[in-house]
Amino acid sequence: MEEDSHQAPKALAETGHCYYGNTLPCFLLLYNPLQYKQPRMSSMADQFGFFSRRCVWVNGPIIVGAGPSGLAVAACLKEHGVPSVILERSDCIASLWQKRTYDRLKLHLPKQFCQLPRFPFPEHYPEYPTKQQFIDYLESYARHYEISPRFNQSVQLARYDETCGLWRVRATGTGTAAGSRSHEVEYIGRWLVVATGENAESVVPELDGLREFGGDVMHVGDYKSGEAYRGKRVLVVGCGNSGMEVCLDLCDYEALPAMVVRDSVHVLPREVLGKSTFELAVLLMKWLPLWLVDKILLVLAWLVLGNIERCGLRRPSTGPLELKNTVGRTPVLDTGALGKIRSGDIKVVPGIKRFSPGKVALVDGQVLDIDSVVLATGYRSNVPQWLQGCDFFSKDGFPRTAFPNGWRGQSGLYAVGFTRRGLSGASSDAVRTAKDIGRMWKEELKPAKRPVACHRRCISQI
Ligand SMILES: Cc1cc2nc3c(=O)[nH]c(=O)nc-3n(C[C@H](O)[C@H](O)[C@H](O)COP(=O)(O)OP(=O)(O)OC[C@H]3O[C@@H](n4cnc5c(N)ncnc54)[C@H](O)[C@@H]3O)c2cc1C
Ligand SMILES: NC(=O)C1=CN([C@@H]2O[C@H](COP(=O)(O)OP(=O)(O)OC[C@H]3O[C@@H](n4cnc5c(N)ncnc54)[C@H](OP(=O)(O)O)[C@@H]3O)[C@@H](O)[C@H]2O)C=CC1
Ligand SMILES: O=C(O)C(=O)Cc1c[nH]c2ccccc12
């Protein structure tokens, strides 16, 4: 059953949000908490269909996404005494990790580079926690900071309303009960934190003839294990960390993978003499310029892995860390796929020309018989699909300003987790964002700055 739009549900009231149903425009006129311009009711109603949509006033930032970034920023905000609301399209936290990753996945950087602010991994965790350990850690993080996202809230549109100086975020919710209606809610607040991630949507390229192929085709986000592929010839498209590891997994289940490598790729050993390559790079970067660290990494890679060109892999002319920083291409941290390429268990093949029933033709003229295709062709941000009227994000869905300055936009807009620096980048954004909002929050709490009506009304709803 739908909630009564005029009643403040207990959960919302307890977490410090005011819930006003369709009465919000009148409330804003009354409340005008931060002394913004008064909204012009008629234009707002026209533009946003106010009277047909339920409205929620959010007392604190609206965070979109309950992945590691969203959780980290909510936790840091809490430490500054700032309440927030997280809107999550899925029905759980960390949906990328829980629903869109394969079984054998582990963190590929040592755990100290993957923990969220002020909450270390349990000591008994291994250096590279498994996916399940990482999910358990995130669940305990959310429990520890008492973070309860609003699930099944898919944000379709967000924009800054100059008229009232507030963010207006429209989300559609799909009821979990069978047959329940999908409904729209408009969340309104002073700050918007974008935490939808660099991997929000799967990239599925248009490949000639794929429709006629006839065998099963999936994106790696739907791949769980090689169990279903025993004895099958599988074309894995893409040679990033996903493509390489899926090929390795397929080998373990006695499938026959061929990996499409259409361009150059950097492969680094995950460890050098028992020490994490990433950790080594972080250490070296304290003293040396990036280009030199890249050169050292390539020498080490050559010593540990040998010449990868012999495996049919070509290295880019730009170094691995520079490539990560500039275009976001993550170097492959080898967990065993290279050995399988050497032994011939993983076949490396060039770009795809076209598919036909049961076959694929490659750019070098080879034609392979294949049973299945796994597209390990990457992910993209979805921010341009729903964030409107601001040029802080570019067309690719990343902030225009590079790390470490890409976390703060204008008018109370923040981006957490778009640094191309994995979980440590997300943590660093979260800490900065929370500090910044916390400072404003404290400023605005000073009695002289708050209209009396607002103060009373707000307290009564928390
Ligand atoms: C397979 C894989 C392995 C990785 N391994 C590592 C690693 O070992 N170490 C590392 O540092 N990094 C790793 N990364 C990088 C990865 O980006 C981070 O691990 C991490 O998940 C990023 O967290 P996030 O919260 O920014 O994004 P996500 O985890 O993607 O979370 C974003 C959340 O936002 C939600 N969302 C998206 N759009 C909307 C919307 N419109 N409305 C409402 N909700 C929305 C999503 O459902 C999701 O729950 C890996 C990435 C992948 C794909
Ligand atoms: N913790 C871990 O162990 C893991 C971490 N990850 C992380 O997840 C993120 C995503 O990784 P991943 O899923 O591998 O995606 P990536 O974006 O890193 O790689 C995508 C691959 O697909 C190729 N590709 C894209 N389109 C085509 C096409 N039309 N034809 C042929 N090849 C194509 C790309 O080639 P090209 O370069 O030529 O465009 C590239 O090799 C990364 O940050 C990665 O580090 C992923 C898996 C495991
Ligand atoms: O796995 C990822 O996507 C990451 O972003 C982790 C990461 C950040 N910086 C890197 C440099 C080399 C390899 C992985 C990473």
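Because the structure is predicted, anything quoted here is derived from the model rather than measured.

Visitor: I'm lost on the pairing of strand β18 (residues 352-356) in this one. Help?
Guide: The two faces of a sheet get side chains in turn, since along a regular strand they alternate between them. Across four bridges, the pairing between β18 and strand β19 (residues 359-362) is antiparallel. What sits directly across from Arg 354, in β19, is Ala 361.

Visitor: In this structure, what is going on with helix α9 (residues 277-285)? I would like to understand it.
Guide: Along an α-helix, a turn takes 3.6 residues, which lines up residues three or four apart on a common side. All buried positions along α9 are accounted for by Thr 277, Glu 279 and Ala 281. Where α9 is buried, its residues touch β13 (267-269), β14 (271-272), β15 (275-276), α10 (290-305) and α11 (320-327). The backbone nitrogen of Phe 278 lies 3.2 Å from a side-chain oxygen of the residue at the head of α9, namely Ser 276.

Visitor: What should I look at first to understand the site of ligand 2 in this one?
Guide: The local shell around ligand 2 holds 21 residues, among which Lys 106, Asn 241, Ser 242, Arg 262 and Thr 330 are the closest. Thr 330 places a side-chain nitrogen or oxygen 2.9 Å from an oxygen atom of ligand 2. Contact with the protein chains covers 78% of the free accessible surface of ligand 2, which is 920 Å². It is helix α8 (residues 241-252) that contributes the most residues to the shell around ligand 2, three residues altogether.

Visitor: What am I meant to see in the nonpolar core here?
Guide: One recurring pattern in soluble globular proteins: nonpolar side chains tend to sit buried together. In this structure, Tyr 137, Tyr 141, Met 244 and Leu 313 are the most contacted members of the largest nonpolar core, which totals 79 residues. For this core, the element with the most residues is helix α4 (residues 68-79), which contributes seven residues. Those residues within four positions of Tyr 137 in sequence are excluded, and the remaining contacts are Gln 115, Leu 116, Phe 119, Pro 120, Phe 121, Pro 122 and Tyr 125. Counting 25 residues, the second largest nonpolar core, distinct from the first, contains Val 58, Trp 386, Phe 398 and Ala 415.

Visitor: Quick question: what am I supposed to make of the sheet that holds strand β11 (residues 233-237) here?
Guide: Sheet strands pair via backbone hydrogen bonds, and the direction of the pair is either parallel or antiparallel. Spatially, five strands are ordered β10-β21-β11-β12-β17 in an open sheet, and the strand pairing comes out parallel. Every interior strand has two partners, whereas the edge strands, β10 (216-219) and β17 (347-349), have only one. Averaged over all neighbouring strand pairs, the angle between strand axes comes to 20°, with direction disregarded. In this sheet, strand β12 (residues 256-260) lies alongside β11 in parallel orientation, the contact comprising five bridges. In the strand pairing of β12, Arg 233 is matched with Leu 256.

Visitor: I'm lost on α11 in this one. Help?
Guide: For α11, the complete set of buried residues consists of Pro 320, Leu 321, Leu 323 and Lys 324. Down the axis of α11, the buried side of the element spans an arc of 160°, and every buried residue falls inside it. Of the surrounding elements, those touching the buried residues of α11 are β13, α9 and α10. A positive phi of about 80° marks Gly 328, the residue just after α11.

Visitor: How do you make sense of a nonpolar patch on the surface when you look at a structure like this?
Guide: On the surface, a nonpolar cluster with roughly 440 Å² of combined accessible area is contributed by Val 299, Trp 302, Leu 303 and Val 304. The topology assignment puts Leu 303 in helix α10. Owing to a relative accessible area of 59%, Leu 303 belongs among the exposed residues under this scheme.

Visitor: Whenever I open this one, the environment of Ala 171 confuses me. Can you help?
Guide: Inspection of the secondary structure puts Ala 171 in strand β6 (residues 166-174). Setting aside anything within four residues of it in sequence, one finds Ala 171 in contact with Gln 153, Ser 154, Val 155, Gln 156, His 183, Glu 184, Val 185 and Tyr 187.

Visitor: Explain the site of ligand 1 to me, please; I cannot follow it from the model alone.
Guide: Ligand 1 sits among 29 residues. The nearest are Ser 69, Glu 88, Ser 95, His 108 and Leu 423. Ser 95 places a polar side-chain atom, nitrogen or oxygen, 2.9 Å from an oxygen atom of ligand 1. Within the side chain of Trp 97, a nitrogen or oxygen atom sits 2.9 Å from an oxygen atom of ligand 1. Contact with the protein chains hides 92% of the accessible area of ligand 1, taken as 990 Å² for the molecule alone. Those elements that provide at least two residues to the shell around ligand 1 are α4, α5 (95-99), β5 (153-161) and α14 (422-445). Grouping the amino acids of the shell around ligand 1 by side-chain chemistry returns 14 nonpolar, 13 polar and two charged.

Visitor: Even after reading the chapter, I still don't get the packing of aromatic side chains, so can you show me in this structure?
Guide: Each aromatic ring pair is described using two quantities: the centre-to-centre distance and the angle formed by the ring planes. A full pass over the atoms with the stated rule returns 19 aromatic pairs. Where Trp 97 meets Phe 134, the ring centres are 4.7 Å apart and the plane angle is 65°; that geometry is what we call edge-to-face. With Trp 97 in helix α5 and Phe 134 in helix α6 (residues 131-144), this residue pair connects regions lying 37 residues apart in the sequence. Taken together, a centroid distance of 6.3 Å and an interplanar angle of 35° make the contact between Tyr 137 and Tyr 141 tilted. With a gap of four residues between them, Tyr 137 and Tyr 141 both fall in helix α6, about one helical turn apart.

Parameters and conventions
- Residues numbered from 1 in each chain as written.
- Chains lettered and ligands numbered in written order.
- Predicted model: local features only at pLDDT ≥ 70, side-chain atom pairs only at ≥ 80, totals over all residues.
- Heavy atoms only, no water.
- Pairing = 2+ DSSP bridges.
- Helix = DSSP H or I, 4+ residues; strand = E, 2+ residues; numbered from the N terminus.
- Buried < 20%, exposed > 50% of the residue type's maximum accessible area, 1.4 Å probe, protein only.
- Contact = heavy atoms within 4.5 Å.
- Polar contact = N/O pair within 3.5 Å; in protein donor to acceptor, adjacent residues only side chain to side chain.
- Near = heavy atom within 4 Å.
- Areas by Shrake-Rupley, 256 points an atom, 1.4 Å probe, with all protein chains shown as cover.
- Core = buried A, V, L, I, M, F, W, Y, C linked by side-chain atoms within 4.5 Å.
- Axes fitted to C-alpha atoms, helices over the stretch in contact; angles between N-to-C directions.
- Arc of directions from axis to C-beta.
- Patch = residues over 30% accessible without salt bridge, like charges linked within 9 Å, V, L, I, M, F, W, Y side chains within 5 Å.
- Salt bridge = Lys/Arg side-chain N within 4 Å of Asp/Glu carboxyl O.
- Nonpolar A, V, L, I, M, F, W, Y, C, P; charged D, E, K, R; others polar.
- Phe/Tyr/Trp six-rings, centres within 6.5 Å; stacked < 30°, edge-to-face > 60°.

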